[in-house]
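As a plain string of letters, each chain reads:
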Amino acid sequence: MKIIVAGTGYVGLVHAAVCSEYGHEVYAYDNDIEKINAFSSGQAEKIEQYVNEPGLVNIVKETLDSYLFFSSDLESIIEGADAVFMCLPTPPNLNGSTNLVFYDAAAEYIAEIVARREDERRIVFVNKSTVPIGTARHLEGIMDTHNVKNFGVASNPEFLAEGTAVNDARKPDRVVVGCDHDADFKILRRVYSQFVNHVRIKYIETTPETAESIKYVANTMLLTYISFWNGVGAKIGERFPNVKIDDLRLGVTADDRISTWGSFVSNGAGGSCFGKDIASLIYQLRGVSVSTKMLEASYEVNEYQKVYLIERAITEAGFKFNNKTVAVLGLAFKKRTNDMRDASSIKVIESLLGKGVAKVKAYDPLAVESAKQVFDPSQNILFEKIAYYQTAREAIEESDALFISSDCEEFRGISRTIEDAAPPPYLVIDGRRMIPDFEELAAKGYNYLAVGSMVMKG
Ligand code: UDX
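All values derive from a computational prediction rather than experimental measurement.

Undergrad: Could you give an account of the overall build of the protein chain, naming the residues involved and the relevant values?
TA: The number of helices and strands found in the protein chain is 17 helices and 14 strands. Its C-alpha radius of gyration of 24 Å places the protein chain within 12% of the 23 Å reference for a compact globule of 458 residues. With respect to the three principal axes, the spread of C-alpha positions in the protein chain is 75 × 45 × 40 Å. For the protein chain, the residues scored as buried account for 54% of the 458 residues in total. Within the protein chain, counting contacts between residues at least 6 apart in sequence, those at least 24 apart form 73% of the total. Working note: accessible area of the protein chain is about 20300 Å², and carbon and sulfur atoms make up 52% of it. Side chains of the protein chain give 49 positive and 63 negative charges; the mean places of these two sets differ by 5 Å.

Undergrad: Account for the sheet that holds strand β14 (residues 447–450), with residues named and values stated.
TA: The six strands lie next to each other as β11-β10-β9-β12-β13-β14, forming an open sheet whose pairing is parallel. The open sheet terminates on both sides in strands that have one partner only, identified here as β11 (386–388) and β14. For this sheet the average axis-to-axis angle between neighbouring strands, irrespective of direction, equals 20 degrees. Two strands pair when backbone bridges link them, and strand β9 (residues 325–329) and strand β10 (residues 359–363) are joined in this way by five bridges, in the parallel orientation. Across the sheet, the residue bridging to V326 is V360, located in β10.

Undergrad: Break down the site of the ligand for me, with residues and values.
TA: Around the ligand, 20 residues are found, and the nearest of them are E162, S266, F333, K334 and R432. Take L160: an N or O atom from its main chain is 3.0 Å from an oxygen atom of the ligand. Within the backbone of G262, one N or O atom sits 2.9 Å away from an oxygen atom of the ligand. Against a free-state accessible area of 670 Å², the protein chains account for coverage of 91% of the ligand.

Undergrad: With reference to specific residues and values, describe the sheet that holds strand β2 (residues 25–29).
TA: Backbone-to-backbone hydrogen bonds join strands into a sheet, with any given pair of strands oriented parallel or antiparallel. Spatially, β3-β2-β1-β4-β5-β6-β7-β8 is the arrangement adopted by the eight strands of the open sheet, whose pairing is mixed. Because the sheet does not close on itself, it has two edges, and the strands there are β3 (68–71) and β8 (202–206). On average, each strand axis in the sheet is tilted by 25 degrees relative to the strand beside it, whichever way the strands run. Pairing of strand β5 (residues 123–127) with strand β6 (residues 151–155) involves five bridges; the strand directions are parallel.

Undergrad: Tell me about the domain arrangement of the protein chain, and please be specific about residues and values.
TA: In terms of domain boundaries, the protein chain breaks down into domain 1 (2–206), domain 2 (216–303) and domain 3 (306–450). With 14 residues of domain 1 at the contact, the number on the domain 2 side is ten residues. A combined buried area of about 900 Å² lies between domain 1 and domain 2, and 56% of that area is made up of carbon and sulfur atoms. Three residues, G96, T130 and I133, lead the burial of domain 1 against domain 2; their summed loss comes to 37% of the area buried on that side. In terms of residue class, the side of domain 1 that touches domain 2 is made up of six nonpolar, six polar and two charged.

Undergrad: With reference to specific residues and values, describe the packing of aromatic side chains.
TA: Taken as a whole and assessed by the stated rule, the structure comprises 14 aromatic pairs. Summarising the aromatic geometry, the rings of Y27 and F69 are spaced 4.9 Å apart at their centres and angled 20 degrees between planes, so their arrangement reads as stacked. In this pair, Y27 sits in strand β2 while F69 sits in strand β3, placing the two residues 42 residues apart along the sequence. With a relative accessible area of 13%, Y27 lands in the buried category. Taken together, Y22, Y192 and F195 form an aromatic cluster joined through their ring pairs.

Undergrad: Pulling in residues and values, what's your account of the state of the cysteines?
TA: Here the structure, examined in full by the defined rule, presents zero disulfides. The thiol of C273 is not disulfide-bonded; the next cysteine sulfur, from C87, is found 13 Å away. By relative accessible area, C273 is classed as partly exposed at 22%. C408 carries a free sulfur, and the closest cysteine sulfur to it, the one in C273, is 19 Å from it. Residue class for C408 comes out buried when judged on its relative accessible area of 5%.

Undergrad: Just give me the short version of the pairing of strand β4 (residues 83–86), but keep the residues and values in it.
TA: Neither face of β4 is exposed, since A83 and F85 on one face and V84 and M86 on the opposite face are all buried. Direction of pairing for strand β1 (residues 2–6) relative to β4: parallel, over a ladder of four bridges. Paired with A6 across the two strands is M86, which belongs to β4. Where β4 and β5 come together, four bridges link them in parallel fashion. Note that in β5 the partner of F85 across the bridge is V126. Crossover handedness for the path β4 to helix α5 (residues 101–115) to β5: right-handed.

Undergrad: An account of the nonpolar core is needed here, citing residue identities and associated values.
TA: Counting 46 residues, the largest nonpolar core has I3, F70, F85, V177, L188 and Y192 as its most contacted members. At eight residues, helix α1 (residues 10–21) tops the list of elements feeding residues into this core. In this structure L188 touches F85, V124, V126, A154, V177, C179 and Y203, once residues within four positions along its chain are discounted. In terms of nonpolar packing, the next biggest core, distinct from the first, is built from 38 residues, Y225, A332, I346 and V451 among them.

Cut-offs used in this document
Residues numbered from 1 in each chain as written. Predicted model: local features only at pLDDT ≥ 70, side-chain atom pairs only at ≥ 80, totals over all residues. Heavy atoms only, no water. Helix = DSSP H or I, 4+ residues; strand = E, 2+ residues; numbered from the N terminus. Rg over C-alpha atoms; globule rule 2.2 N^0.38 Å. Buried < 20%, exposed > 50% of the residue type's maximum accessible area, 1.4 Å probe, protein only. Contact = heavy atoms within 4.5 Å. Areas by Shrake-Rupley, 256 points an atom, 1.4 Å probe, with all protein chains shown as cover. Lys, Arg positive; Asp, Glu negative; His and termini not counted. Charge placed at Lys NZ, Arg CZ, Asp CG, Glu CD. Pairing = 2+ DSSP bridges. Axes fitted to C-alpha atoms, helices over the stretch in contact; angles between N-to-C directions. Near = heavy atom within 4 Å. Polar contact = N/O pair within 3.5 Å; in protein donor to acceptor, adjacent residues only side chain to side chain. Domains from an automatic or database assignment. Buried area = accessible area lost by both parts, 1.4 Å probe. Nonpolar A, V, L, I, M, F, W, Y, C, P; charged D, E, K, R; others polar. Phe/Tyr/Trp six-rings, centres within 6.5 Å; stacked < 30°, edge-to-face > 60°. Disulfide = S-S within 2.5 Å. Right-handed = clockwise from strand over helix to strand, strands pointing away. Core = buried A, V, L, I, M, F, W, Y, C linked by side-chain atoms within 4.5 Å.

Okay, structure coming up:
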């Protein structure tokens with residue numbers, strides 16, 4: 001199949017690469033020429049400046065110029081295309097709705113070009129990135145307005161998690177394809193031939209609107225599950241003496257119907273999908289006069305979770321942040337990524353600065369450069385108080401307290417570093433329960449405050 005992937009962000013590039021591995025002729029198109037040049041170089045450092053996913057560079061290197069091509073000239077690659085995958089950014093508006101400005105601009109542009117093609121074979125336009133329910137229909141309208149001939153539209157949402165995206169795309173648990181016409185289902189069956197009739201992978205064919213809804217329901221359910229643990233499980237552990245949250249989790253998730261994923265209590269879930277998708281679904285449901293109380297609660301629990309440990313440090317550990325130096329470990333929204341989108345650390349650091357800390361000593365193994373863009377002192381003078389360090393140890397030295405805000409593996413062994421670099425009295429705020437031997441730490445005089453547990457005073 002000849003496939004065009006329009007938009008080479010994280011979703012687009014992973015999709016293009018994995019499709020090329022299956023022997024399709026794939027053209028990844030983007031109007032950002034610098035990006036296209038970086039990808040066509042096949043060089044890891046250049047590619048990873050834009051998208052950093054384990055395994056991705058190897059596929060690009062292996063398939064580049066044989067099955068995978070990069071182009072910023074759509075006109076020169078459109079002839080003979082069977083499918084155009086729309087992988088455009090869809091950022092949130094302030095009111096929670098999805099901003100379709102980039103999507104619409106790309107769709108209009110693609111429509112103009114496809115309308116002029118000589119080839120008359122059927123072409124299907126496929127929405128891959130998350131877009132509101134009804135967007136495939138909206139895309140059909142754009143194509144019709146431009147007089148595009150012999151086309152279909154489809155919704156084929158991605159379910160990739162960052163850090164495992166290549167693996168998720170190679171071995172998905174399901175492939176969801178929403179179309180109106182048999183001809184389009186047929187094209188997509190050929191694109192995904194390795195997944196059709198697979199023993200393990202569910203290949204689901206449905207309407208475009210159902211496919212669009214599957215993505216929203218899946219993501220908001222996952223966030224709601226995390227919020228349930230944070231809003232109920234963690235709170236029980238924090239309020240009732242002798243309740244051990246880790247045992248509570250084991251006991252509850254022993255039931256096959258209750259997932260282990262999502263049961264790890266935290267200072268909030270971040271990332272590019274959960275917050276954005278729940279806000280968008282709330283907006284879409286309000287638009288059709290449906291009560292959104294449940295989704296709002298899930299969203300609010302998650303937002304509250306990002307900062308409430310700082311309040312607990314004041315009220316339960318008696319810590320005064322004013323003029324103190326606080327180390328923050330873990331800036332990205334989760335381990336093994338440099339992605340700062342909706343990261344809990346943003347709210348944590350803003351809250352610390354609001355409480356008058358003298359200095360924030362920040363460390364993350366991957367995300368320092370992207371964090372510097374988020375905490376830009378020209379946007380907020382208080383961000384000048386943030387200093388970045390090469391190691392966790394350097395960040396901890398000469399600080400009065402530590403906030404662990406992500407689940408990087410290296411933080412699991414951090415108690416030895418704390419003991420070496422920061423003698424008590426010292427407060428450890430653990431937003432991810434990364435310190436298994438916290439009782440020993442408390443016994444040595446440290447104050448330890450974690451999500452899901454009562455404060456332990458040293
Ligand atoms: C998520 C979905 O998992 C994926 O299916 C969808 O396509 C995109 O959104 P991703 O954003 O990459 O993927 O992150 P994920 O690994 O799901 O984690 C999201 C957030 O939840 C992270 O901040 C993570 O640390 C947090 N989390 C996860 C918890 O707080 N507790 C958990 O038990 C699991």
